Amino acid sequence: MEINDERQDQEFNNEEIEDREQSSEELNEDKIDDSEEEIEIVEEVEDLPFAKAEVVRLMKQHLDRDKMIRERVKVEMNKFLGEVLENVCAQLNEYPYTTVEYEMLKESIYPYKNIKRINQEKERILMHLEAIKADCNALSMDVKRTLKLKEVDDEGEDDDFYEIPE
């Protein structure tokens, strides 16, 4: 009996060791995958236009305290801010002057600073166009209903009209 118990214990231990080895292999694979992702992120971080810590600090300043920011979000926000800067500078380059003045900057950043107002204006215009469309449909129905031409028998009158008198 003791021999059977020892065999069962040994088999259990062998199975446990195999499970641990499989778990350790899976963890190693996960670590390899994670390290590959980290390498990709590190490569992206090197190309960022702004200091990542500053962008993250500003994001946290404006987000709820319970929000966590994923690494990819930090990187993409940094890239987005860099693109905005490029677009503003491209617009500033359209001016023929060698010195960039405050008024030029104000004009270049107008769409970014006033996006809420621009969207509200867009909604107002769309609602106005819908109202015009409804008025046009109502007028069209009125014209069709009230200014309907008298339906005439095409066969009888047309034949007499086109006949040549003898």
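Residues numbered from 1 in each chain as written. Predicted model: local features only at pLDDT ≥ 70, side-chain atom pairs only at ≥ 80, totals over all residues. Heavy atoms only, no water.

### Focus: the overall build of the chain
Along the backbone of the chain there are six helices and zero strands. If you list the helices and strands of the chain from N to C, you get α-α-α-α-α-α. Taken over 166 residues, the chain has a buried fraction of 8%. (Helix = DSSP H or I, 4+ residues; strand = E, 2+ residues; numbered from the N terminus. Buried < 20%, exposed > 50% of the residue type's maximum accessible area, 1.4 Å probe, protein only.)

### Structural notes on the packing of helix α3 (residues 71-93) against helix α4 (residues 102-113)
One way to put it is that α3 packs onto α4 with a least axis distance of 9 Å and a crossing angle of 135°. One element, α3, and the other, α4, form an angle in the oblique class. Judged by the sense of rotation from one axis to the other, the crossing of α3 with α4 is right-handed. Packed against α3, whose contacting residues are V84, N87, V88, Q91 and L92, the element α4 presents M104, L105, E107, S108, I109 and Y112 at the interface. Its residues assigned to classes, the contact of α3 with α4 shows seven nonpolar, three polar and one charged. (Axes fitted to C-alpha atoms, helices over the stretch in contact; angles between N-to-C directions. Parallel < 35°, antiparallel > 145°, perpendicular 65-115°, else oblique. Left-handed = near helix turned anticlockwise from the far one by under 90°. Contact = heavy atoms within 4.5 Å. Nonpolar A, V, L, I, M, F, W, Y, C, P; charged D, E, K, R; others polar.)

### Some thoughts on the packing of helix α2 (residues 52-62) against α3
One way to put it is that α2 packs onto α3 with a least axis distance of 10 Å and a crossing angle of 100°. As summarised for this structure, α2 and α3 are arranged roughly perpendicular, according to the angle between their axes. Between α2 and α3, the residues in contact are K52, V55, V56 and M59 and E71, V73, K74, M77, N78 and L81, respectively. Considered class by class, the residues forming the contact of α2 with α3 number six nonpolar, one polar and three charged.

### Topic: the environment of L48
Here L48 lies in the loop between α1 (2-46) and α2. Given the relative accessible area of 12%, L48 is considered buried. Taking C-alpha positions, L48 is 7.8 Å from G82, a pair spaced 34 residues apart along the chain. When sequence neighbours within four positions are dropped, the list of residues in contact with L48 reads V75, N78 and K79.

### Notes on the side chain of N78
Topologically, N78 is positioned in helix α3. Excluding residues that lie within four positions of it along the chain, N78 makes contacts with L48, P49, F50, A51, K52 and V55.

### Things to note about the side chain of K74
Within the secondary structure layout, K74 lies in helix α3. Lacking a salt bridge, the buried K74 has E71 as its closest oppositely charged neighbour, with an N-O distance of 4.2 Å. Non-local contacts of K74, meaning those with residues more than four positions away in its chain, are made with V56 and I69. (Lys, Arg positive; Asp, Glu negative; His and termini not counted. Salt bridge = Lys/Arg side-chain N within 4 Å of Asp/Glu carboxyl O.)

### Quick look at the confidence of the model for the chain
Residues at a pLDDT of 70 or more form 62% of the chain, whose mean pLDDT is 79. Across the chain, α3 holds the top mean pLDDT of 95, while helix α6 (residues 154-162) sits lowest at 52. (pLDDT = per-residue confidence, 0-100.)

### Brief notes about α2
If you check which residues of α2 are buried, you get V55, V56 and M59. Looking straight down α2, one finds that the buried residues subtend no more than 95° of arc, so they occupy a single side. Summarising the geometry of α2, the exposed residues directed more than 90 degrees from the buried face are A53 and Q61. Its buried side turned inward, α2 meets α3. (Arc of directions from axis to C-beta.)

### Describing a nonpolar patch on the surface
On the surface, a nonpolar cluster with roughly 340 Å² of combined accessible area is contributed by F50, F80, L81 and L85. Along the polypeptide, F50 turns up in the loop between α1 and α2. For F50, a relative accessible area of 34% corresponds to the partly exposed category. (Patch = residues over 30% accessible without salt bridge, like charges linked within 9 Å, V, L, I, M, F, W, Y side chains within 5 Å. Areas by Shrake-Rupley, 256 points an atom, 1.4 Å probe, with all protein chains shown as cover.)

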